[in-house]
Amino acid sequence: MSKAFTKSLLLYNKILIRRLKSLISRAPPAPTSATERLPPSQRRESAGGGAIVCEVEGALLMSSSTFPYFMLVALEAGGLLRGLLLLLLYPLLRLLTDELAMKAMVMVTFAGLRKDAFGRLGMAVMPKLFLQDVSAEVFHAATSAPATAGAARRRRRCVCVSSMPRVMVESFLKEYLAVDAVVAPELRELGGYYLGLVEDEGEAMRRMDVEEAIGAKGGAVVGIGGLGCSFRHIFQKCIWLLHGCRIRWLEEVYVPTESTRRRRGALHPRRYPKPLVFHDGRTAFRPTPAATLAMFVWLPLGAPLAVLRTAVFLLLPFSLSVPLLASLGMHNRMIASSLPSAGDKSKGNLFACNHRSLLDPLCVSAAAGRRDLAAATYSISRLSEMLAPIPTFRLTRDRAADRGAMQAQLARRGGRGGLVVCPEGTTCREPFLLRFSPLFAELAAGGVDVVPVALHLAVDMFHGTTAGGRKMLDPLYLLMNPVPSYLVQFLDPVECGDQEARAVANEVQRRVAEALGYERTGLTRRDKYLILAGNEGVVGAAASHD
């Protein structure tokens, strides 16, 4: 009797699963015919001009879930408590309609936030997470120009429609994807603070500038929709508004099924219209509900682990601390073709490395097995200076004074002193190298050869650098990662000879870039801080290093 009941129950479950799959794979109704036979980019050649109206959620972005983006705002702008509150509300959000869930997330995430504070976050933090989820197929279909033979080319304008607040998506869409117009609801504010309320769809449509969206000459419109709530509301209304005002005809609307969306690939970083060189924020993972829950579970363990790792680094010699740190999850890998010894009086005493975090000089010293190496820094906190297991000294931006201080460090111990410098002057998280300052290369005139050191840092939960946050917490966040890993690669020394300092600096940058597979740039510390913090990165003596 029990076996028969079990068989019938399994059969019923199989039938139920088949029906659910058929419902999921069925696309929602579109304003006109929805098709999957060809991607839109292959059917846009019929006419020039007009507009591509593309939905952000579920179309331009491969995921239709907006929860990770609101969680990122909650963590970075509101703090851990606001992020925890949003995570606890997630089961309730699953029971609400898409529209009510969106309003609830807006309320929890934005209520009480300063408008000015979020302006930096929208420019410096949000684009990284958005760009990682951009669909390559939809992006090329929405932004590539139509190839019309025998006629003047007129690029179709790209209009992106989102149900998320405009402040979250506009910088990403216009600055990094070169979108022409954005249709999205605005957040309500009072006295420079967000109220946690968002305007309705009707107000968003009334604010829409049709002239800005499709241009003065009009033309046909092609829609690229997703499976989210905004297709039935904002996206559909946008299509109808354009059609009624200035569009001569509605060419088509492309709506993919769930299975089609899952087969899409992410846009490669080298194909971004604007390279993402700088970004800010502490969160180093995509904050999905499961990943965010894992972070909160890890925090009570990660904080004492970071303190323990710090104590091991400070109190034990490198011969003991390095293997012990590896057992605590902090991995370091060294690659060296020829590592100079501490006893060489003229070669190998100046190590020039790219800058990934505050711990760069420590990792170079540990890999070289030399505690006599000194670290040249622009400025670090007093606490970091006291805890540093190797000597440190500050650069003052006075070229003559800085050169003299570096030469004094190299002259220590009868000419056997060592020095670690980061010529970039600031950290860069992405696979790019900033311009190397030639100051370190000017020391080559004293018979010191420069050893390039290529550093690569991988973190899985928190970034150990920031441009706008509390920099004294940088080492704590870095050491709280479950498995942070450093790659330290010592390259062959650069024979300076009679070369100019700028040529030596460029050669060191080239070798480091080739070793890591990074791209060289001419950007500087000033460029980074203008982009991320709105200032030139000039800090006082009490500021902390980034």
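Here, every reference points to the structure presented above.
As the structure is a prediction and not an experimental result, all values here were calculated from the model.

Draft legend 1. Local environment of the overall build of the protein. Summing up its helical and strand segments, the protein has 23 helices and 16 strands in all. By the burial criterion, 51% of the 546 residues in the protein qualify as buried.

Draft legend 2. Main features of the pairing of strand β2 (residues 157-161). With respect to burial, β2 is a largely interior element, four of its five residues being buried. Judged from the five bridges that link them, strand β1 (residues 51-55) and β2 form a sheet pairing that is parallel. Each residue of the ladder has a partner; that of Glu-55, found in β2, is Val-161. Looking at chain direction, β2 and strand β3 (residues 181-183) are connected through three bridges and run parallel. Paired with Cys-160 across the two strands is Val-182, which belongs to β3. Since β2 and β3 lie parallel, the crossover through helix α10 (residues 166-176) that links them has a hand, and here it is right-handed.

Draft legend 3. Summary view of the environment of Ala-503. Position of Ala-503 among the secondary structure elements: in helix α22 (residues 501-516). The exposure class of Ala-503 is partly exposed, given its relative accessible area of 32%. Along the primary structure Ala-503 and Pro-438 are separated by 65 residues, whereas in three dimensions their C-alpha atoms are 8.2 Å apart.

Draft legend 4. Inspection of the nonpolar core at higher detail. Counting residues in hydrophobic clusters, the biggest one holds 105 residues, and the most contacted among them are Phe-110, Met-168 and Leu-173. Inspection of this core shows a minimum of three residues originating in each of domain 1 (49-145 + 161-271) and domain 2 (304-533). Those residues in contact with Phe-110 that lie beyond four places of it in its chain are Phe-70, Val-73, Arg-82, Phe-118, Pro-165, Val-167, Met-168, Leu-187, Tyr-194 and Gly-196. Among the nonpolar cores identified, the runner-up in size contains 28 residues, and Val-450, Val-504, Val-508 and Val-512 belong to it.

Draft legend 5. The arrangement of the state of the cysteines in detail. Across all of its chains, the model carries zero disulfides by this definition. Residue Cys-54 stays outside any disulfide, its sulfur separated by 5.0 Å from that of Cys-160, the closest cysteine. Residue classification places Cys-54 among the buried positions, given a relative accessible area of 0%. This cysteine, Cys-160, is not joined by any disulfide, and Cys-158 carries the nearest cysteine sulfur, 4.2 Å off.

Each value, and the rule that gives it
Residues numbered from 1 in each chain as written. Predicted model: local features only at pLDDT ≥ 70, side-chain atom pairs only at ≥ 80, totals over all residues. Heavy atoms only, no water. Helix = DSSP H or I, 4+ residues; strand = E, 2+ residues; numbered from the N terminus. Buried < 20%, exposed > 50% of the residue type's maximum accessible area, 1.4 Å probe, protein only. Pairing = 2+ DSSP bridges. Right-handed = clockwise from strand over helix to strand, strands pointing away. Core = buried A, V, L, I, M, F, W, Y, C linked by side-chain atoms within 4.5 Å. Domains from an automatic or database assignment. Contact = heavy atoms within 4.5 Å. Disulfide = S-S within 2.5 Å.

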